[in-house]
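Here is what each chain is made of, one letter per residue.
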Amino acid sequence: MHKKKTKNDHPTIDNRQARFKYSIDETFEAGLELRGSEVKSIRASQVSLKEGYVSIKKGEMFLLGVHIAPYEQAGTFNQHEPIRNIRLLMHKREILKLGIKIDQDRFALVPLKMYFKGGKVKIQLGLGKGKKLHDKREDIKQKDIERSLRQKYKL
């Protein structure tokens, strides 16, 4: 029997501001500890990663500042808070290594992308340093040059 290929109708939520504000060196994948209404809101793409960041406390990672809109079809009893600390699931030694890099090398850990993988919600985290204003201007200049070359040579 042939298995039917299912179309991936699960959304991918991107944090486009993160790559603009930070120069990302490494990326990591982590799971999220969510409630049912939060998962349904994520499926409906009602998430904002714009102001999110990751904090490490006592060997645990938490996602802070991410807004997950309340799920409208859920009752008031089962509803979640729009902005709350969400625990991230990673191996202990990975968390310790990231904690050392954040403390010693002054890196920031920011959410880049939220997506579904095997029925579970995953988040892609970026480890990077904040860009200065001149770095941002240089990136914009490079993108303009690439865009003009693509238009000129129709690549």
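Computed from a predicted model, the values in this text were never measured in an experiment. (Residues numbered from 1 in each chain as written. Predicted model: local features only at pLDDT ≥ 70, side-chain atom pairs only at ≥ 80, totals over all residues. Heavy atoms only, no water.)

A.B. asks: Which residues make up the pairing of strand S2 (residues 22–32), and what values do they have?
C.D. replies: Note: S2 against strand S9 (residues 120–130), nine bridges, orientation antiparallel. Paired with Glu26 across the two strands is Leu127, which belongs to S9. In the sheet, S2 pairs with strand S7 (residues 86–89) via two bridges, with the strands oriented antiparallel. Counted as the bridge partner of Gly31 is Leu89 from S7. (Pairing = 2+ DSSP bridges. Helix = DSSP H or I, 4+ residues; strand = E, 2+ residues; numbered from the N terminus.)

A.B. asks: Tell me about the packing of aromatic side chains, and name the residues and values.
C.D. replies: Overall, the coordinates contain zero aromatic pairs when judged by the stated rule. For the cation-ring pair, Lys129 lies above Phe107, with the distance from its terminal atom to the ring centre recorded as 5.2 Å. (Phe/Tyr/Trp six-rings, centres within 6.5 Å; stacked < 30°, edge-to-face > 60°. Lys NZ or Arg CZ within 6 Å of the ring centre and 35° of its normal.)

A.B. asks: I'd like to hear about the nonpolar core, residue by residue, with values.
C.D. replies: If you look at the biggest cluster of nonpolar residues, it comprises 26 residues, and the most contacted ones within it are Met61, Leu88, Met114 and Ile123. For this core, the element with the highest residue contribution is S9, accounting for four residues. (Core = buried A, V, L, I, M, F, W, Y, C linked by side-chain atoms within 4.5 Å. Buried < 20%, exposed > 50% of the residue type's maximum accessible area, 1.4 Å probe, protein only.)

A.B. asks: How would you summarise the environment of Ile68 if you had to cite specific residues and measurements?
C.D. replies: Summarising the element assignment, Ile68 is placed in strand S6 (residues 67–68). Assessed through its relative accessible area of 1%, Ile68 is described here as buried. Sequence separation of Ile68 and Ser41 is 27 residues, and the distance between their C-alpha atoms is 6.7 Å. Apart from residues lying up to four places away in sequence, Ile68 is in contact with Leu34, Glu38, Ser41, Ile42, Gln46, Val47, His80, Glu81, Pro82 and Ile86. (Contact = heavy atoms within 4.5 Å.)

A.B. asks: Describe the environment of Glu29, naming the residues involved and giving the relevant values.
C.D. replies: Mapped onto the elements of the fold, Glu29 is located in strand S2. You can call Glu29 partly exposed: its relative accessible area is 34%. Glu29 has contacts with Met90, Tyr115, Lys117, Lys122 and Ile123, leaving out every residue within four places of it along the chain. At 2.4 Å, the side chain of Glu29 and the side chain of Tyr115 are in polar contact. Here Lys117 takes part through its side chain, which lies 3.3 Å from a polar atom of the side chain of Glu29. (Polar contact = N/O pair within 3.5 Å; in protein donor to acceptor, adjacent residues only side chain to side chain.)

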